[in-house]
Each structure stands twice: as C-alpha cells, then as structure tokens.
Amino acid sequence: MDLHHGAIHHLTGAAAALLTTTASAVADDDWQLKRLMQPTTAQLAQEVAGSVVIYDGLDARQVNRALDTHYDRMQHMMFIRIHHLPPPGAGGEAVVESDGCD
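Remember, predicted model here, so these are calculated numbers, not experimental data. (Residues numbered from 1 in each chain as written. Predicted model: local features only at pLDDT ≥ 70, side-chain atom pairs only at ≥ 80, totals over all residues. Heavy atoms only, no water.)

Caption draft 1: Fine view of the packing of aromatic side chains. All chains considered together, the criterion is met by 1 aromatic pair. On the basis of an interplanar angle of 25 degrees and a centroid distance of 5.6 Å, the ring pair of Y55 and F79 is categorised as stacked. Note that Y55 is positioned in strand β3 (residues 52-56) and F79 in strand β4 (residues 77-80), a separation of 24 residues in sequence. The two residues Y55 and F79 agree in class, both being buried. (Phe/Tyr/Trp six-rings, centres within 6.5 Å; stacked < 30°, edge-to-face > 60°. Helix = DSSP H or I, 4+ residues; strand = E, 2+ residues; numbered from the N terminus. Buried < 20%, exposed > 50% of the residue type's maximum accessible area, 1.4 Å probe, protein only.)

What follows is the structure in structure tokens.
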C-alpha cells in the first residue's frame, strides 16, 4: 500500500489498520494535529489499551511541541517523515527526515 503525506496508522498489538484521508495535505495535517494535541476521550482510551499512532509528515516544531506538551503520552506516538524547515531567512525547502521505514 502506498503511503502518502498525511497517512496515519494505528497499531494495537499484532493487529494493524491503516487509515488514510483523501483531503488536501493541509487538512490532513490539521486532522493529525487535532488527534495529536487534542485527542478525544475514546482516542485516549485506545492509547491506554496499548494503541500507538504513527503521524506522517509533520513539521519538526509540531513534533517537538507535542512531545513537550504531552510527555505522558509519548510512548503512544511515532513520527515518520518529519519535515525540518530551514532557518528563517535561509531559504530553501524543508528537509524530510528519512526514518528507514519503507
């Protein structure tokens, strides 16, 4: 299955299900950020039950903010293809971190 920017995976034990969205990349990021930063009670219950959520293609600043803000949930988060933006004024494109998970 081809993974694209904004794909998100839920892993629980040996079972895995892939959820993708067909909306624009911006909408995907918003959806992922909402799940990451403001999870519902049901989503938190999934994490307590052992669920791990893989977030795809987020900005490094978003990842760092999530890890700082939700340190207690860190074991339920995984980030792939993190985008590292160039320093302000440096120009250029974001560097996408390769996690080796193809």
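Caption draft 2: Broad picture of the pairing of β4. Where β3 lies against β4, 4 bridges are found, and the strand directions are parallel. Residue I54 lies in a different strand from β4, and its bridge partner there is M78. Handedness of the crossover joining β3 and β4 through helix α3 (residues 60-69) is recorded here as right-handed. (Pairing = 2+ DSSP bridges. Right-handed = clockwise from strand over helix to strand, strands pointing away.)

Caption draft 3: Examining the side chain of D59 more closely. Mapped onto the elements of the fold, D59 is located in the loop between β3 and α3. Judged by its relative accessible area of 14%, D59 is buried. Looking at D59, its side chain comes within polar contact range of the main-chain nitrogen of R61, at 2.7 Å. Setting aside its immediate chain neighbours within four residues, D59 contacts I82, H83 and L85. (Polar contact = N/O pair within 3.5 Å; in protein donor to acceptor, adjacent residues only side chain to side chain. Contact = heavy atoms within 4.5 Å.)

Caption draft 4: Focus on unusual backbone geometry. Positive phi values are uncommon outside glycine, yet R81 reaches one of about 50 degrees. The topology assignment puts R81 in the loop between β4 and β5 (83-84).

Caption draft 5: Quick look at the pattern of salt bridges. Per the counting criterion, the structure on display carries 4 salt bridges. The salt bridge partner of R73 is E47, with a shortest N-O separation of 2.8 Å. One end of the pair, R73, is in the loop between α3 and β4; the other, E47, is in helix α2 (residues 41-48), with 26 residues separating them in the sequence. The class for R73 is buried, based on a relative accessible area of 6%. When the shortest N-O distance is used, the salt bridge between R81 and D56 registers 2.4 Å. Residue R81 is located in the loop between β4 and β5, and its partner D56 is located in strand β3; the two are separated by 25 residues in the primary sequence. (Salt bridge = Lys/Arg side-chain N within 4 Å of Asp/Glu carboxyl O.)

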